[in-house]
Amino acid sequence: MAVALVVAAGRGERLGTERPKAFVMLGGRPMLQWSLDALHAVDAVRRIVVALPPGVHAPAGTLGVPGGAERSQSVRAALRAAGDDDDVVLVHDAARPLVTAQLVQDCLHALATHDCDAAIAAARVTDTIKESDGDEVVRTLDRANLWAVQTPQVFDRAALERALSRDDAELAAATDDASLVERDGGTVRVVSAPRENLKVTTPFDLRLAELLLAAR
Ligand code: C5P
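Note that the structure is a prediction, hence the values are computed from the model and not measured.

Below, the discussion takes up the side chain of N197. Looking at the element boundaries, N197 is found in the loop between strand 11 (188-192) and helix 7 (203-214). By relative accessible area, which is 1% here, N197 ends up buried. Separated by 3.4 Å, the side chain of N197 and the backbone nitrogen of V99 make a polar contact.

If you look at the biggest cluster of nonpolar residues, it comprises 30 residues, and the most contacted ones within it are V6, L32, L39, V45, I48, V50 and V104. When residues of this core are traced back to their parent elements, those giving at least two are strand 1 (2-7), helix 1 (31-40), strand 4 (45-52), helix 3 (101-113) and strand 7 (118-124). The greatest single-element share of this core, amounting to six residues, is contributed by helix 3. V75, V89, F155 and L180 belong to the second-largest nonpolar core, a separate cluster that totals 23 residues.

So, about unusual backbone geometry. Note the cis peptide between T151 and P152, where omega equals 10°. Position of P152 among the secondary structure elements: in strand 10 (residues 147-156).

Quick notes on the rules
- Residues numbered from 1 in each chain as written.
- Predicted model: local features only at pLDDT ≥ 70, side-chain atom pairs only at ≥ 80, totals over all residues.
- Heavy atoms only, no water.
- Helix = DSSP H or I, 4+ residues; strand = E, 2+ residues; numbered from the N terminus.
- Buried < 20%, exposed > 50% of the residue type's maximum accessible area, 1.4 Å probe, protein only.
- Polar contact = N/O pair within 3.5 Å; in protein donor to acceptor, adjacent residues only side chain to side chain.
- Core = buried A, V, L, I, M, F, W, Y, C linked by side-chain atoms within 4.5 Å.

By themselves, these are just geometric observations and shouldn't be taken as functional.
Here it is, written out as structure tokens:
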């Protein structure tokens, strides 16, 4: 069985809204609620812990904890509150409201059926990606092996605990949790995910998410 940690404590400054991003209304409900519905629909997810901004109550059916100053600290706070009954820990950003129960199940299935420490949702890159030094291109990467990484990311609990037992500065520099497991020498597996599982960062993303949810 798995425990899900949903990080929803970010302010979302790039979205330019008054309220914290996870609580911006999207299709008539707070953004966070879409992710919670997808997680509640998966039987293997026994409990949900949500890292919240100050003064916000936990949504029904979840355990709320105060988030940290950085995303990684919010993940760590949620993991601490989760207890140690579950061997599998799923981490999801509330900023990805288009996650589906199917994708959650696919990630859990990948971890359960392969010899790996983590299984992470990711979409194949469709753009050509170049690396530059300032404005000057240094190299063009081979697109065939590139993935745009998303959440959910599911972990063997011990691997995630080890990954998060770093000092705050190193944690804050990591842009996802799986990269810390990689740094520990762990095996991380990608699970093919739809590009629709986008991260809402800008007002454009919010509009796009609204249109995609309305078309479901
Ligand atoms: O800001 P960004 O979109 O990268 O945040 C990704 C996710 O991490 C969001 O769901 C946000 O609410 C969460 N977060 C958090 N605590 C922070 C910063 C971000 O829970 N201190």
